[in-house]
Amino acid sequence: MAKGELKKRLSLVDLSLLGIGSMIGSGWLYAALNSSGYAGGNTGWAWILGAVIVLLIGLVSAELSAAIPRAGGFVRYPNYSHGNVVGFVIGVSSLLAYTSTAGVEVEAVRQYALYWWPALGHSDGSPTMLGFGVQIGLLVIFFLLNYWSVSVFGRINTIITFFKFIVPIVTIITLFLYFNASNLHVPPAPPGGAHGVFTSLTGAGIVFAYLGFRQAVDFASEAKNPQRNVPIAIFIAIAVSFIVYIALQYAFMGAVPSDVLSAHGWEGLKAIYQSPYADLARSLGLMWLINLILVDAVISPAGTGNIYLASAARILFALARNGHLWKSAGQVDEKSGVPRGALWLALVLSIAWTLPSEFQVWGGLIGAVTSATVFTYMPAAVSLAAFRNHLPELSRPFRLPLAGFPSPLSFVASNLLIYWSGWTVNEILIPIFILAWLGYALLGKKNPDHRQDLACSWWLLAYYVAMLILSKLGTFGGLERLSSPIDMVLVAVVALICYYWGVKTSIAKPVIVEE
């Protein structure tokens, strides 16, 4: 493989549509039903809160990506600010998050395709061997679309994204014709209330639906004028997606037939609306809308899966550039401008995620994928503050206003999302990150900067241990030894302590590698 450079071919429109295109994927097909089951009529607050939290994270990312545009930036910045131990652990979390998302999307394609092709799945929604073959085939198609060049990838995504807008908009308009405001007063299953709102952020896929804003950061090295276009693209993607999702949520809830809702409740709808919008259209006798939704149910997740496979390759590329993967994964094909070695690995890992039985339906992965992704974003706020302290002369085309407030606030918000995802998710993910920290701390001693890297990483280990304990004792799937809101106050306090500890112990003279 020739050693080339990433090509700067993506415009502001391309970057914005990368974000919007990855947000309008499988999330719009399932999140409205799932969040209604948790929060009922209060679910609109979950969409608002999710947008605010993701915007905070996006503002931090906007300054970093404008100042230091790098492919897979979420992995590169912690490595620059805190060294290899922190960089490696965050790389592990990003590896889990990005490679699993493409698998989630092809599962959504297959599940909706069951309407046309029942042989793709069993009665419980899990795939047959033929279903597995279709999922793998889709991932291979995504691989080939990404393999030839980033400009081909960008053009195809632009076309798909414009189409993906049409069906949700038509669905919103049509369902509002059947809107019944009394549906919004039907309570969800207990506990509901604020607890239901918080749980739905991760458990229903709301934050997952917003996470596409990161595409502008991941493709920053391939963007034209990234210092200007990356921050703008982040804002556009979050704003447009929020408007679409909040409208979809209320259109769905208001259009559910009253007799169906009375018989089953919001939580019970999951059993009869396995393909929510298509099944709702069937309840309303809208056969033309069923067919339109089923077509989009293939195109939307497929388009998003295509984007995330490309993003996973950029993350693996970034890991290799940080020295945490073999060198071939960090090389760029000279002719196409694509990191093909990393793309091959992304394909293999994306296929692997669809194989375990508990991950063979869309809902099985959502909480874990969301939390793993937020774990990846979490250190960005610490890196921003570290760079402000140690690199005051760094050119910042976009400078986060009053960063001393929104930066730690985004860190606290990220950690609340992680806590709200619940013990069943955290008991799996956090031990993996602790083992990754311990493994690199013990095996990375040959690195000449190992002593410095270790000193800059203790805050992260303390953070993982504290969050594991709080999640175990808390009210979101834990032992409930800590009552609400005391549990969330403690999470915020731990987050702030670890944030300022991490800023204080960052590398005094960070070296930003020119690329």
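Refer to the structure printed above.
Below, the structure is looked at part by part. Worth saying up front: this structure is predicted, and the values here are computed from it rather than measured. (Residues numbered from 1 in each chain as written. Predicted model: local features only at pLDDT ≥ 70, side-chain atom pairs only at ≥ 80, totals over all residues. Heavy atoms only, no water.)

Re the environment of Asn 225
Move 1: Secondary-structure assignment places Asn 225 in the loop between α10 (215-218) and α11 (226-255).
Move 2: Remark: the alpha-carbon pair of Asn 225 and Ala 66, spanning 159 residues in sequence, is separated by 9.2 Å. (Helix = DSSP H or I, 4+ residues; strand = E, 2+ residues; numbered from the N terminus.)

Thoughts on the nonpolar core
Move 1: The biggest cluster of nonpolar side chains holds 167 residues, and the ones touching the most others in it are Trp 420 and Tyr 464.
Move 2: Those residues in contact with Trp 420 that sit more than four places away from it in its chain are Leu 49, Ile 53, Phe 198, Thr 199, Leu 201, Thr 202, Phe 476 and Met 488. (Core = buried A, V, L, I, M, F, W, Y, C linked by side-chain atoms within 4.5 Å. Buried < 20%, exposed > 50% of the residue type's maximum accessible area, 1.4 Å probe, protein only. Contact = heavy atoms within 4.5 Å.)

Structural notes on the packing of helix α17 (residues 380-390) against helix α22 (residues 486-504)
Move 1: Between α17 and α22, whose axes approach to 9 Å, the crossing angle comes to 40 degrees. By the angle class used here, α17 and α22 are oblique. Note that α17 runs across α22; the crossing there is right-handed. For the pair α17 and α22, the contacting residues are Ala 381, Val 382, Ala 385, Ala 386 and Asn 389 in the first and Tyr 499, Gly 502 and Val 503 in the second.
Move 2: Here the contact of α17 with α22 is composed, by residue class, of six nonpolar, two polar and no charged. (Axes fitted to C-alpha atoms, helices over the stretch in contact; angles between N-to-C directions. Parallel < 35°, antiparallel > 145°, perpendicular 65-115°, else oblique. Left-handed = near helix turned anticlockwise from the far one by under 90°. Nonpolar A, V, L, I, M, F, W, Y, C, P; charged D, E, K, R; others polar.)

A short note on helix α12 (residues 258-272)
Move 1: Look at α12: only 14 Å from first C-alpha to last across 15 residues, short of the 21 Å you get at 1.5 Å a residue.
Move 2: Gly 265 marks the point of greatest bend in α12, at about 95 degrees.
Move 3: Those residues of α12 lying buried are Val 260, Leu 261, Gly 265, Trp 266 and Leu 269. (Expected span 1.5 Å × (residues − 1). Bend = angle between axes of the 7 residues up to and from the residue.)

Thoughts on the environment of Asp 449
Move 1: The topology assignment puts Asp 449 in the loop between α19 (423-443) and α20 (450-455).
Move 2: Sequence separation of Asp 449 and Asn 84 is 365 residues, and the distance between their C-alpha atoms is 8.5 Å.

Structural notes on a nonpolar patch on the surface
Move 1: Together, Trp 458, Val 489, Val 493, Ile 497 and Trp 501 line one region of the surface with nonpolar side chains, adding up to about 470 Å² of accessible area.
Move 2: Residue position: Trp 458 is located in helix α21 (residues 458-473). (Patch = residues over 30% accessible without salt bridge, like charges linked within 9 Å, V, L, I, M, F, W, Y side chains within 5 Å. Areas by Shrake-Rupley, 256 points an atom, 1.4 Å probe, with all protein chains shown as cover. Salt bridge = Lys/Arg side-chain N within 4 Å of Asp/Glu carboxyl O.)

Quick notes on α17
Move 1: Among the 11 residues in α17, eight count as buried, and that is most of the element.
Move 2: Residues of α17 that are buried include every one of Ala 380, Ala 381, Val 382, Ser 383, Leu 384, Ala 385, Ala 386 and Phe 387, and no others.

As for unusual backbone geometry
Comment: phi is negative for the bulk of residues other than glycine, and the bulk of peptide bonds are trans.
Move 1: For the bond running from Pro 190 to Pro 191, omega is 10 degrees, close enough to zero to count as cis.
Move 2: Tracing the chain through its elements places Pro 191 in the loop between α7 (150-176) and α8 (193-203).
Move 3: With an omega of 10 degrees, the peptide bond running from Ser 484 to Pro 485 counts as cis.
Move 4: Within the secondary structure, Pro 485 is located in the loop between α21 and α22.
Move 5: Its identity is not glycine, yet Leu 402 carries a phi of approximately 50 degrees, on the positive side.
Move 6: In this structure, Leu 402 sits in the loop between α17 and α18 (406-420).
Move 7: For Glu 480, which is not a glycine, the phi torsion comes out positive at approximately 60 degrees.

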